[in-house]
Every structure is written in C-alpha cells, then in structure tokens.
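# Topology and contacts: notes
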Amino acid sequence: ATALKSLDREDVTIFAAGRSNSRETDPAVFDHELNRLRTAIQEAPTNKIVYFGTASIFDASVQTTPYVIHKKRIEEFITTCNIPYLIIRLPTVIGPYSLSPTLVNELYRTIIHNRTIVIQGLARRYPLDVDDVKKIVQYYLDAKENLIINAGINYYSIYDFVFTLAELLNKKVEVRSERRGSVY
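First things first, this report covers the structure right here in the doc. (Residues numbered from 1 in each chain as written. Predicted model: local features only at pLDDT ≥ 70, side-chain atom pairs only at ≥ 80, totals over all residues. Heavy atoms only, no water.)

Pairing between the strands of a sheet is mediated by backbone hydrogen bonds and can be parallel or antiparallel. Spatially, β1-β2-β3-β8 is the arrangement adopted by the four strands of the open sheet, whose pairing is parallel. The outermost strands of the open sheet, each flanked by one partner alone, are β1 (12–15) and β8 (147–150). Geometrically, the sheet is characterised by an average inter-axis angle of 15 degrees between neighbouring strands, direction not taken into account. As judged from the four bridges shared by strand β3 (residues 85–90) and β8, these two strands associate in the parallel manner. Its bridge partner being in β8, leucine 86 is matched across the sheet by leucine 147. Sitting on the sheet, helix α1 (residues 27–43) touches β1 and β2 (48–54), and the angle it makes with β1 is about 170 degrees. Sitting on the sheet, helix α4 (residues 130–140) touches β2, β3 and β8, and the angle it makes with β3 is about 150 degrees. (Pairing = 2+ DSSP bridges. Helix = DSSP H or I, 4+ residues; strand = E, 2+ residues; numbered from the N terminus. Axes fitted to C-alpha atoms, helices over the stretch in contact; angles between N-to-C directions. Contact = heavy atoms within 4.5 Å.)

A few words on the packing of aromatic side chains. What describes a pair of aromatic rings is the distance from one ring centre to the other and the angle between the planes of the rings. The final tally for this structure, using the stated rule, is four aromatic pairs. Residues phenylalanine 15 and tyrosine 51 carry aromatic rings whose centres are separated by 6.2 Å and whose planes lie at 25 degrees to one another, so their mutual orientation is stacked. Of the two residues, phenylalanine 15 is situated in strand β1 and tyrosine 51 in strand β2; the sequence distance between them amounts to 36 residues. Assigned by exposure class, phenylalanine 15 and tyrosine 51 land together as buried. A ring pair is formed by tyrosine 126 and tyrosine 155, whose centres lie 5.6 Å apart and whose planes are at 75 degrees; its orientation type is edge-to-face. (Phe/Tyr/Trp six-rings, centres within 6.5 Å; stacked < 30°, edge-to-face > 60°. Buried < 20%, exposed > 50% of the residue type's maximum accessible area, 1.4 Å probe, protein only.)

Enumeration over the complete set of coordinates arrives at seven salt bridges. Among the ionic pairs, arginine 73 bridges to aspartate 31, the shortest N-O distance being 3.7 Å. Residue arginine 73 is found in helix α2 (residues 66–79), and its partner aspartate 31 is found in helix α1; the two are separated by 42 residues along the sequence. Relative accessible area serves as the criterion here: at 36%, aspartate 31 is assigned to the partly exposed category. (Salt bridge = Lys/Arg side-chain N within 4 Å of Asp/Glu carboxyl O.)

Right, dumping it as structure tokens:
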C-alpha cells in the first residue's frame, strides 16, 4: 500500500488493505476485510475503487480454498455495487521484505535458515515488482469503463525463483521437487 501513496486522489479509493496470506482460513479475517471495504465505499460512494484481487483464482487446485472464495466474493461485491471500479488481479508481487506470508518471503526465510525447500516442480508464477503494480494502476486508473485486469507478463518456474534467490543471498539451497503445480 505504501508504494501506491503517490496515487492518492480525492476521486479514487485505493483499497490495498486486504489479505495477502493465501493460506488464511479464518472467516472473521475475511469478514473484516469486506466490512472495511463496505465502509470505504459508504464514505466515498462516487469514488472509483481500486481493488487488488488474486491471479490464483485461475488455479484449479485452490478454487475451493477460503482465500480464493473470499477474493471472488469481494470482486462480485464490488462489481454489483454500482460504483466505478478497477480490479487488478495480481500474481506474485515482489517488493521490500516484510513479514507477510507471501511466496517470495517464505522462500527467503527458508533459504536463510538453511532448510530444505519442497517445491511444486510444475508450478510457474508471474512475478511482478511492486513498482510495476503502481504503473499498472496509473495506466488504467482514468479509464471510463469499469475494468478487471489480469496482471502478469512472463512466468518463471518456482525452481528458478528458489535458485535465483539463493544466489542473491549467497546461500546454498537443498530442494526437493514434487511433480505437481500450476501456472498463475
């Protein structure tokens, strides 16, 4: 959310306070996000809402997880509110390190603690720098129509993620690969 501060405008509400933990299962956490979104819309009902969904909605293996169901529910709520909106479905976003349980942060922690990494050998992800998220928002923000954008350009194997990160950290890494995974 900090990277998007410069995009603040009176006619736009950037709702970047959602869940980044795709393993979340607590309904109270999801309800809290939906309530915060409702409040944001009620406080500025004519503003264009910018919401960040997830590209993982295209992964058949997680369609029934609470996180993906929640993200779809939020998108449906926004699209039925009769408000201007821009929904951007983000893939793996990479930015300044934080404690949030994102793929890259989990890989980072596993590598620096010298633990074996079990990867889905067939998995591919579309990494996107947080600064590129800002550029995408800037590009589409003034569109007159409501939009849902699927962000992501080039995909990389999780294997490439792991070994590139290990090289950047100057660490050796032990990887065990499972023959499964999807692309999103």
